[in-house]
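Architecture at a glance
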Amino acid sequence: MSGTNGPRGQATKGRRDRVPKTYTRLTHPLVRDSRDEPFRRATWEEALTRTAEGLAAHRGAFAMLACARATNEMNYVAQKFARVVMGTHNVDSCNRTCHAPSVAGLSAAFGSGGGTSSYEEVEHTDLIVMWGSNARFAHPIFFQHVLKGIHNGARMYAVDPRRTSTAQWAESWLGLNVGTDIAMAHAIGREIIHAGLANMAFIERATTGFDEYAKLVEPWTLSLAEKVTGVPAEAIRDLAHAYARAERAQLCWTLGITEHHNGTDNVRALINLSLLTGHVGRYGSGLQPLRGQNNVQGGGDMGAIPNRLPGFQDILDADIRHRFEQAWGTTLVPHYGLNLTEMFEGMEDGTIRAVYCIGENPAQSEADSEQAVRRLSGLDFLVVQDIFMTKTAQLADVVLPATAGWAETDGTTTNSERRVQRVRKAVVPPGEAREDVDIICDVASRLGHDWKYADAEAVWNELRAVSPLHFGMTYDRLDEHQGIQWPCPDTDALEPPYLHGRLWDADPARRGRLAPFGLVQHDPPVDVTDEEYPLRLTTGRRLDSYNTGVQSSGFASPLRRGEYVELCPEDARRYGVEVDEEVQVTSRRGSVRAPVWVDPGLRPGLAFMTMHFPDEVDTNKLTIEANCPIAGTAEFKASAIRIDKLPIAAIR
Ligand SMILES: Nc1nc2c(c(=O)[nH]1)N[C@H]1C(S)=C(S)[C@@H](COP(=O)(O)OP(=O)(O)OC[C@H]3O[C@@H](n4cnc5c(=O)[nH]c(N)nc54)[C@H](O)[C@@H]3O)O[C@H]1N2
Ligand SMILES: Nc1nc2c(c(=O)[nH]1)N[C@H]1C(S)=C(S)[C@@H](COP(=O)(O)OP(=O)(O)OC[C@H]3O[C@@H](n4cnc5c(=O)[nH]c(N)nc54)[C@H](O)[C@@H]3O)O[C@H]1N2
Ligand SMILES: [Mo]
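Residues numbered from 1 in each chain as written. Chains lettered and ligands numbered in written order. Predicted model: local features only at pLDDT ≥ 70, side-chain atom pairs only at ≥ 80, totals over all residues. Heavy atoms only, no water.

Brief notes about empty space enclosed by the protein
Basically, it comes down to this: Detection works on a 1 Å grid of protein atoms alone, calling trapped sets that fit a 1.4 Å probe cavities and calling open sets with protein on both sides within 12 Å along at least five of seven lines pockets, with lining residues defined by an atom within 4 Å of a point. Grid points are joined across faces, edges and corners, and a volume is the space filled by probe spheres set on the points. Polarity classes work like this: nonpolar for Ala, Val, Leu, Ile, Met, Phe, Trp, Tyr, Cys and Pro, charged for Asp, Glu, Lys and Arg, and polar for all others, with Gly in that last group. The source of the domain bounds is an automatic or database domain assignment.
This model, assessed by the stated rule, comprises 5 cavities of 30 Å³ or more. Roughly 60 Å³ of internal volume is contained in the largest cavity. Every residue along the wall of the largest cavity is listed here: Arg96, Thr97, Leu340, Thr341, Glu366, Ala367, Glu625, Asn627, Gly632, Thr633, Ala634 and Phe636. Grouping the amino acids of the lining of the largest cavity by side-chain chemistry returns 4 nonpolar, 5 polar and 3 charged. A domain split of the lining of the largest cavity shows at least three residues from each of domain 1 (43-87 + 294-410 + 431-469) and domain 3 (535-651).

This is the structure:
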């Protein structure tokens, strides 16, 4: 064992060492003439020219992935590159794999995709519902606000198949079966209506479709919901009454809701509960889809998504398109581009032949990763711009070393309460690494587009001029207010910290568009459990590691214990397996070996793995690429697996 990255502690004593792969920073450009050759070091001049040539040869079959960890300025320039230089809206990011359903669901209900509340409101609310969110591990900063809320007297409920570290702080944990959230939400809705707790004044004033909704949820009695979700009727009733009776309530959700084949429907089922009770558009009451990456909110706001121009403006609107055409001196195609999921399908059918991948590692983060690797390997041209030599970069023709958006670059990022904040260059980047924006501009200039930005602020000011959401946020004001939430249309005023206050306006004219109830149906996971694959596998995160591990595997941590397949004590006994014993884990798509961990927070029939150690255990070989048809997000949270003991000879 290296002594730095190895697992520590009593529980892991005596087991075979599994030292996670460590990554070192990219320090100079790399190129190769064919995929069979190793990479060789190249000058920036050669690498940029090859990139430009490779992309120019595939103008009609191009897709771009932008980085949700890099700055707004970088995302703005990246999407402009796709649209202006390559003439396509095929630009997307890992927003697709996490909160695209939240954006789609919130947009359908309220016309805009942002979370409705600010962080501080969770400190001044009466009820906090953490639904499919392990914020204690995945959003520890937000969770500090939650803890302050609890300290101030708020009650907290957790709805999660696992009794997570977050759920341990809750007054009540509703441990539902994976993929039964709509059943649970509908039963809560029905109970609120039947108990006479619906906020009829708000419903009449601000919503549409209530009668249809009431009819839709009518069959979802508490006892039917108990059968489907596995949660006692009394606990569901208790949450329904607590939510409806609370003066103010925050409903927070994350991937337990979105990473399903019907993620957008799940989101709409939760939004319905806020419409039913009026828990939206007021200070302390709202909806918080906690975004995953430091700047995944900003990436989308900057237009690094295939259906929106910067400022979340619809490509299909001719006036909006025209304004951008004027600003950028170009013509824009009048239809949406391909999202990440469709790009990968396009690699299969030949519509996508070249990819410019900036700060994403889809070779390990996509569901059914063997399929993803095969598709990436089949491209005619792949350029990867990253800070580490990722598995995706290893498949590329050209690798460009970037500076990190965090601490090595000036710019801004936008967090999940829609707050834009400045980030600053504080450390010297390694070797010849260059800023993402400068690299993209250099490729653009080789393809005939000379964009001159003196600094990050110049990019930001160009964005402000085309995005009313951001117009009022000068760099000076961002400093003065320590970050500003969008919308901020005026340079001399600030908007309230929450969205959709207009829904409460007494004047119907100012109330604007009403919020429709979402008429969605319960629909269980695609990958069914049966005799051959009897266990439900759900995947997610731990506190000590980050996503595909590229950025978190390179440091020592006494917390990190590598990958495990986690089972409840009963299942471990049933299969006759022990902590640390290596087993074969198999789904309908692939098979991996992993050691066992026993977690009493799981229920019988449920297994858990992370996505953090794909070089040692590639969990995404197991997951299913069943996508939400509206948002394109895969059902990472529900696969069917079996575990097999290894033959004695296979155990070291
Ligand atoms: N430490 C750490 N923090 C991170 C990350 C990281 O890798 N490490 N990644 C960041 C990113 S990109 C994101 S998107 C966020 C994600 O943040 P979270 O969404 O909080 O993280 P997950 O662990 O993926 O999933 C959350 C919970 O969903 C539950 N769940 C699974 N299936 C279901 C279901 O059917 N219904 C319900 N109600 N719940 C279910 C799981 O048990 C899990 O506890 O975290 C961000 N923060
Ligand atoms: N099984 C399973 N799979 C999942 C999920 C799950 O819950 N379960 N969750 C999904 C989710 S929510 C997400 S968000 C995805 C994440 O999927 P990815 O975004 O593909 O994975 P990351 O490991 O976050 O990769 C980020 C990359 O960005 C690079 N990077 C960081 N900063 C910069 C920068 O400033 N510039 C450049 N150029 N590069 C930079 C890092 O080196 C790293 O290679 O995974 C998805 N996959
Ligand atoms: Mo994410």
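And the narrative resumes.
Focus: the site of ligand 2
This is how the line gets drawn: In this text, near means that some heavy atom of the residue lies within 4 Å of the molecule or strand in question. Pairing of N or O atoms within 3.5 Å defines a polar contact, subject to two protein rules: one partner must be a possible hydrogen donor and the other a possible acceptor, and residues neighboring in sequence count only if both atoms are side-chain atoms. For the area figures, the Shrake-Rupley method with a 1.4 Å probe applies, and any residue is considered shielded solely by the protein chains shown.
Taken together, 37 residues surround ligand 2, and among them Asn361, Asp386, Gly405, Thr548 and Asn620 come closest. Between ligand 2 and the protein, one listed contact pairs an oxygen atom with a backbone N or O atom of Gly359 at 3.0 Å. Take Gln385: an N or O atom from its main chain is 3.1 Å from a nitrogen atom of ligand 2. Considered on its own, ligand 2 offers 920 Å² of accessible surface; in the complex 99% of this is hidden by protein. Residues from two domains meet in the shell around ligand 2; each of domain 1 (43-87 + 294-410 + 431-469) and domain 3 (535-651) gives at least three.

Quick notes on the side chain of Ser545
Cut-off, in case you're wondering: Runs of H or I in DSSP of at least four residues are treated as helices and runs of E of at least two as strands, each being numbered from the N terminus. Buried, partly exposed and exposed residues are distinguished by accessible area as a fraction of the type maximum, computed with a 1.4 Å probe on protein chains only: under 20%, between the cut-offs, and over 50%, respectively. Only heavy atoms enter the contact rule, under which two residues are in contact if any of them lie within 4.5 Å.
Here Ser545 is to be found in the loop between strand 20 (535-540) and strand 21 (565-567). Judged by relative accessible area, which is 9%, Ser545 ranks as buried. A polar atom in the side chain of Ser545 sits 2.8 Å from the side chain of Asp544. Once residues within four sequence positions are removed from consideration, Ser545 is found in contact with Ser552, Arg560, His612 and Phe613.

Considerations on the domain arrangement of the chain
Domain annotation of the chain identifies domain 1 (43-87 + 294-410 + 431-469), domain 2 (100-289) and domain 3 (535-651). On a C-alpha basis, the centres of domain 1 and domain 2 stand 35 Å from each other.

As for the site of ligand 1
Contacts to ligand 1 come from 33 residues, most closely from Ala138, Asp160, Arg541, Ser545 and Asn547. Note that an oxygen atom of ligand 1 is positioned 3.4 Å from one of the backbone N or O atoms of Gly132. When ligand 1 is considered free in solution it has 920 Å² of accessible area, and contact with the protein chains removes 97% of it. Looking at the shell around ligand 1, the elements that each hand over two or more residues are helix 4 (135-138), helix 11 (255-258) and strand 20. Per-class residue counts for the shell around ligand 1 are 11 nonpolar, 16 polar and 6 charged. Split by domain, the shell around ligand 1 shows at least three residues from each of two domains, domain 2 (100-289) and domain 3 (535-651).

Thoughts on the packing of helix 9 (residues 222-229) against helix 10 (residues 233-245)
What counts here: Lines fitted to the C-alpha atoms define the axes, with helices restricted to the stretch that makes contact. Angles between their N-to-C directions range from 0 to 180 degrees. For this classification, under 35 degrees means roughly parallel, over 145 means roughly antiparallel, 65 to 115 means roughly perpendicular, and everything else is oblique. By the definition used in this description, the sense in which the near helix is turned from the far one sets the handedness, with an anticlockwise turn below a right angle giving left-handed and a clockwise turn giving right-handed.
Following both chains from N to C, one finds helix 9 and helix 10 inclined at 115°, their axes separated by 8 Å at the closest point. Classified by the angle their axes make, helix 9 and helix 10 are roughly perpendicular. Note on packing geometry: the crossing formed by helix 9 with helix 10 is right-handed. When helix 9 is examined against helix 10, the residues Leu222, Ala225, Glu226 and Thr229 are found in contact with a partner set consisting of Ala233, Ile236 and Arg237. When its residues are assigned to classes, the contact of helix 9 with helix 10 shows 4 nonpolar, 1 polar and 2 charged.

Examining unusual backbone geometry
In this chain, Trp486 is followed by Pro487 through a cis amide linkage whose omega measures 0°. Along the chain, Pro487 falls in the loop between strand 18 (484-485) and helix 21 (508-511). Of note, Arg418 is a non-glycine position whose phi angle comes to about 70°, a positive value. Within the element layout of this structure, Arg418 appears in the loop between strand 16 (411-414) and strand 17 (419-423). A positive phi angle, close to 40°, is found at Asn547, a residue other than glycine.

Comments concerning the sheet that holds strand 7 (residues 172-174)
Adjacent strands of a sheet form backbone hydrogen bonds with each other and so pair up, either parallel or antiparallel. Inclusion rule: Each pair of strands is called paired provided DSSP finds at least two bridges between the two strands.
Spatial ordering of the open sheet is given by 7-6-5-9-10, a layout of 5 strands whose pairing is parallel. Pairing within the sheet leaves two strands with one partner each, and these edge strands are strand 7 and strand 10 (286-289). Strand after strand, the sheet turns through a mean of 15° between neighbouring axes, direction not considered. Here strand 6 (residues 155-159) runs beside strand 7; their pairing, made up of 3 bridges, is parallel. Note on strand 7: the bridge partner recorded for Ala158 is Trp173. Where helix 6 (residues 181-194) meets the sheet, its contacts fall on strand 5 (127-131), strand 6 and strand 7, and the angle it forms with strand 5 comes to roughly 155°. In this fold helix 12 (residues 263-277) packs onto strand 5, strand 9 (249-253) and strand 10, with an angle of close to 180° to the strand it touches most, strand 9.

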